[in-house]
Amino acid sequence: MATARDIMHTGATCVGEHETLTAAAQRMRDLDVGALPICGDDDRLQGIVTDRDIVLKCIAAKADPAEMTVGDLAQGRIYHVDAGAKVDDVLTVMQEHQVRRLPVIEEHRLVGMISEADLARHLPDRTVGQFVESVCAPAGHAQ
């Protein structure tokens, strides 16, 4: 059975917790991604910042993205999987918590990310369809 390592996107780039949201947004643009893992000074995963977070929690709140740091948005529980986790376990975590991107950890360090696109490339259409339906369900109504 396939593991998280088999389907993950390698080379995930962290944004430092002290970097500004402007810097994070520029990195997202340059990498053509919608989310970046946040790493602390100890190089360990602290959270994930998304383009949506920047818009809703900074811009819409009339805060300054050149002043607000990525760490200011790193709150709540961090969901992740071990690189050796079975794909079924990956899907379970993503579905239960309705997340579209999932960091992959090995020995407490970020080694990759799994996104909906990674699932679509590696899993049968039916499985991907069920995943999308589950993750897109209103919060608390995952099937």
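Residues numbered from 1 in each chain as written. Predicted model: local features only at pLDDT ≥ 70, side-chain atom pairs only at ≥ 80, totals over all residues. Heavy atoms only, no water.

1. A look at the sheet that holds strand 4 (residues 45-50)
Spatial ordering of the open sheet is given by 2-3-4, a layout of three strands whose pairing is mixed. Strand pairing shows two members of the sheet lacking a second neighbour, strand 2 (15-16) and strand 4, which therefore form its edges. With five bridges connecting them, strand 3 (residues 35-39) and strand 4 associate as antiparallel partners. Pairing of A35 across the sheet is with T50, part of strand 4. (Pairing = 2+ DSSP bridges. Helix = DSSP H or I, 4+ residues; strand = E, 2+ residues; numbered from the N terminus.)

2. Quick notes on the sheet that holds strand 7 (residues 109-115)
Strand order in this open sheet of four strands is 1-7-6-5, and the pairing throughout is mixed. Of all strands in the sheet, those with a lone pairing partner are strand 1 (9-10) and strand 5 (81-82), marking the two edges. Sheet analysis places strand 1 next to strand 7, joined by two bridges and oriented antiparallel. Looking at strand 7, one finds that H9 is bridged to M113. Sheet strands touched by helix 5 (residues 87-96): strand 5, strand 6 (101-106) and strand 7. Its angle to strand 6, the strand with the most contacts, is close to 135°. (Contact = heavy atoms within 4.5 Å. Axes fitted to C-alpha atoms, helices over the stretch in contact; angles between N-to-C directions.)

3. So, the nonpolar core
Counting 19 residues, the largest nonpolar core has V81, V90, M94, V104, I114 and L119 as the members making the most contacts within it. Here this core gets four residues from one element, more than from any other, and that element is helix 5. Formed by 12 residues, the second largest nonpolar core is a distinct cluster that contains V15, M28, M68 and L73. (Core = buried A, V, L, I, M, F, W, Y, C linked by side-chain atoms within 4.5 Å. Buried < 20%, exposed > 50% of the residue type's maximum accessible area, 1.4 Å probe, protein only.)

4. Here we look at the pattern of salt bridges
Tallied over the entire structure, the rule returns six salt bridges. Of the charged contacts in the structure, one is a salt bridge between E19 and R27, with a shortest N-O distance of 3.0 Å. For E19, a relative accessible area of 25% corresponds to the partly exposed category. Relative accessible area serves as the criterion here: at 24%, R27 is assigned to the partly exposed category. Between K57 and D53 there is a salt bridge; the shortest N-O distance is 3.6 Å. Within this pair, K57 and its partner D53 are both found in helix 3 (residues 51-59), separated by four residues, close to a single helical turn. Judged by its relative accessible area of 14%, D53 is buried. (Salt bridge = Lys/Arg side-chain N within 4 Å of Asp/Glu carboxyl O.)

5. Concerning helix 3
Of all the positions in helix 3, only D53, I54 and C58 are classed as buried. The arc that holds the buried residues of helix 3, viewed along the axis, is 95°, so those residues lie on one side. Against helix 2 (21-31), strand 4 and helix 4 (70-73) lie the buried residues of helix 3. (Arc of directions from axis to C-beta.)

The values are spatial; any link to function lies outside them.
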